[in-house]
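Residue-level structural notes
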Amino acid sequence: MLTLTHNAVVAIRDVMAGVDVPADAGLRISAKADEAGALELALASQPQAGDQIIETEDVRVFVAEDTVALLDDKALDAQPGTPGQPTFRLDRRTSPRPAP
């Protein structure tokens with residue numbers, strides 16, 4: 001299962017701050033339709049059918065069903081950028097998978 005670093009949690013909070021989003025909103029990761037092997041991150045008001053929902057602290061990430069296996073051994077990290085526009089990246093997770 002995809003994990004989130006502390007930096008990613010902070011960045012997601014920053015992206016969602018000041019945006020009028022529902023309480024169930026989150027960041028959604030899905031395959032980019034026009035680029036094979038590319039992923040897309042976007043704010044979503046709710047998960048889509050089949051999405052895996054990852055909740056860490058007070059943020060939610062929705063992983064599209066067709067990308068779950070691709071992200072299974074990854075950690076989402078972030079670096080600060082201009083306010084509200086951090087740079088996200090995926091790293092191979094080095095620690096063991098958390099217990100379910």
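Anything mentioned here points back to the structure above.
Just so it is clear, the model here is predicted, and its values are computed rather than measured. The residue count restarts for each chain, going from 1 along the sequence in the order it is written. pLDDT decides what is reported in this predicted model: residues at 70 or higher carry local features, side-chain atom pairs at 80 or more are listed and counted, and totals for whole chains, interfaces and linings draw on all residues regardless. The basis for every side-chain value is the complete set of non-hydrogen atoms in the structure, without hydrogens or water.

1. Considerations on the pairing of strand β2 (residues 26-31)
The following threshold applies: Summary of the burial criterion: residues with accessible area below 20% of their type's maximum are buried, those above 50% are exposed, and those between are partly exposed, where the area comes from a 1.4 Å probe applied to protein chains only. Working definition: helices are DSSP H or I runs of at least four residues, strands are E runs of at least two. Numbering for both runs from the N terminus. For two strands to be treated as a pair, DSSP must find at least two bridges joining them.
A large share of β2 lies buried, amounting to 5 of its 6 residues. Of the pairings in the sheet, the one linking β2 to strand β3 (residues 39-44) comprises 6 bridges and is antiparallel in character. Bridged to L27 within β3 is L43. Relative to strand β5 (residues 59-63), β2 is paired through 3 bridges, and the arrangement is parallel. Paired with L27 across the two strands is V61, which belongs to β5.

2. Examining the environment of D73
In plain terms, the rule: Whether two residues are in contact is decided by their heavy atoms, any of which lying within 4.5 Å being enough. Counting of polar contacts relies on pairs of N or O atoms within 3.5 Å, with two restrictions inside protein: one atom must be capable of donating a hydrogen and the other of accepting it, and residues adjacent in sequence are counted only when both atoms are side-chain atoms.
Take D73: it is sitting in the loop between α2 (68-71) and β6 (74-82). You can call D73 partly exposed: its relative accessible area is 25%. Considering only alpha carbons, one finds D73 and D58, 15 residues apart in sequence, at a separation of 22 Å. With near-sequence residues (within four places) excluded, D73 lies in contact with D91, R92 and R93. Of the polar contacts made by the side chain of D73, one reaches the side chain of K74; its length is 2.8 Å.

3. A few points about the sheet that holds strand β1 (residues 3-4)
Put simply, the rule reads: Every axis corresponds to a line fitted to the C-alpha atoms, with the helix fit spanning only the stretch in contact, and the corresponding angles, defined between N-to-C directions, vary from 0 to 180 degrees.
Spatially, the 3 strands line up as an open sheet ordered β1-β6-β7, and their pairing is mixed. Here the strands that pair on one side only, and so sit at the sheet edges, are β1 and β7 (85-92). As paired strands, β1 and β6 are joined by 2 bridges and run parallel to one another. Along β6, the bridge assignment pairs L4 with L76. The strands that helix α1 (residues 6-16) touches are β1, β6 and β7; relative to β6, the one it contacts most, it runs at about 50°.

4. Here we look at the sheet that holds β5
One open sheet holds the 4 strands; their spatial order is β3-β2-β5-β4, and the pairing between them is mixed. Every interior strand has two partners, whereas the edge strands, β3 and β4 (52-56), have only one. Averaged over all adjacent pairs, the angle separating strand axes in this sheet is 25°, with direction ignored. Direction of pairing for β4 relative to β5: antiparallel, over a ladder of 5 bridges. Residue Q52 lies in a different strand from β5, and its bridge partner there is V63.

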